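In case you want the letters, here they are:
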Amino acid sequence: MTKAEMKQRIEDLETKSGQAYQIIGNLLWRCGLHESEEGTRALDYFSQDGFDDDFLPWPRA
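These numbers were taken from a predicted model, which means no experiment stands behind them.

What counts as what
Residues numbered from 1 in each chain as written. Predicted model: local features only at pLDDT ≥ 70, side-chain atom pairs only at ≥ 80, totals over all residues. Heavy atoms only, no water. Helix = DSSP H or I, 4+ residues; strand = E, 2+ residues; numbered from the N terminus. Buried < 20%, exposed > 50% of the residue type's maximum accessible area, 1.4 Å probe, protein only. Polar contact = N/O pair within 3.5 Å; in protein donor to acceptor, adjacent residues only side chain to side chain. Contact = heavy atoms within 4.5 Å. Patch = residues over 30% accessible without salt bridge, like charges linked within 9 Å, V, L, I, M, F, W, Y side chains within 5 Å. Areas by Shrake-Rupley, 256 points an atom, 1.4 Å probe, with all protein chains shown as cover. Salt bridge = Lys/Arg side-chain N within 4 Å of Asp/Glu carboxyl O. Lys, Arg positive; Asp, Glu negative; His and termini not counted. Charge placed at Lys NZ, Arg CZ, Asp CG, Glu CD. Axes fitted to C-alpha atoms, helices over the stretch in contact; angles between N-to-C directions. Parallel < 35°, antiparallel > 145°, perpendicular 65-115°, else oblique. Nonpolar A, V, L, I, M, F, W, Y, C, P; charged D, E, K, R; others polar.

Draft legend 1. Up close: the side chain of E38. With respect to the helices and strands, E38 occurs in helix α2 (residues 37-46). Residue classification places E38 among the buried residues on the basis of a relative accessible area of 16%. Engagement of the side chain of E38 in a polar contact is seen with the side chain of R41, the distance being 3.0 Å. When neighbours within four sequence positions are excluded, E38 is seen to be in contact with W58, P59 and R60.

Right, dumping it as structure tokens:
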């Protein structure tokens, strides 16, 4: 993979992540969970670049 292809792939994944964030936010809102602790945790997680091996399970009991 060339540098240009890698850069495009990263841009595509960032855009896809942003789309997922919007869908998750809408679904949380429709379920009345958008202002809950777990809803906030999910939106915070998907708004950041990092990966957390311990994010799941969601919601946490």
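Here the narrative resumes.
Draft legend 2. View of a negative patch on the surface. A surface patch of like charges, here negative, comprises E11, D12, E14 and D49. Its location among the elements puts D12 in helix α1 (residues 3-30). Overall, the relative accessible area of 41% leaves D12 in the partly exposed class.

Draft legend 3. Here's a closer look at the pattern of salt bridges. As enumerated under the stated definition, the model contains one salt bridge in all. A salt bridge links E38 to R41; the shortest N-O distance between them is 3.0 Å. With E38 and R41 both in helix α2 and three residues apart, this pair spans about one turn of that helix.

Draft legend 4. Structural context of unusual backbone geometry. At the junction of L56 and P57, the peptide bond is cis and its omega measures out at 10° in the coordinates. Among the secondary structure elements, P57 is positioned in the segment after α2.

Draft legend 5. The packing of α1 against α2, seen in detail. Here α1 crosses α2 at 170°, and the two axes come no closer than 9 Å. It follows that α1 is roughly antiparallel to α2 by the angle criterion. Along the contact surface, α1 presents S17, Y21, I24, G25 and L28, while α2 presents G39, L43 and F46. Across the contact of α1 with α2, the residue classes tally to five nonpolar, three polar and no charged.

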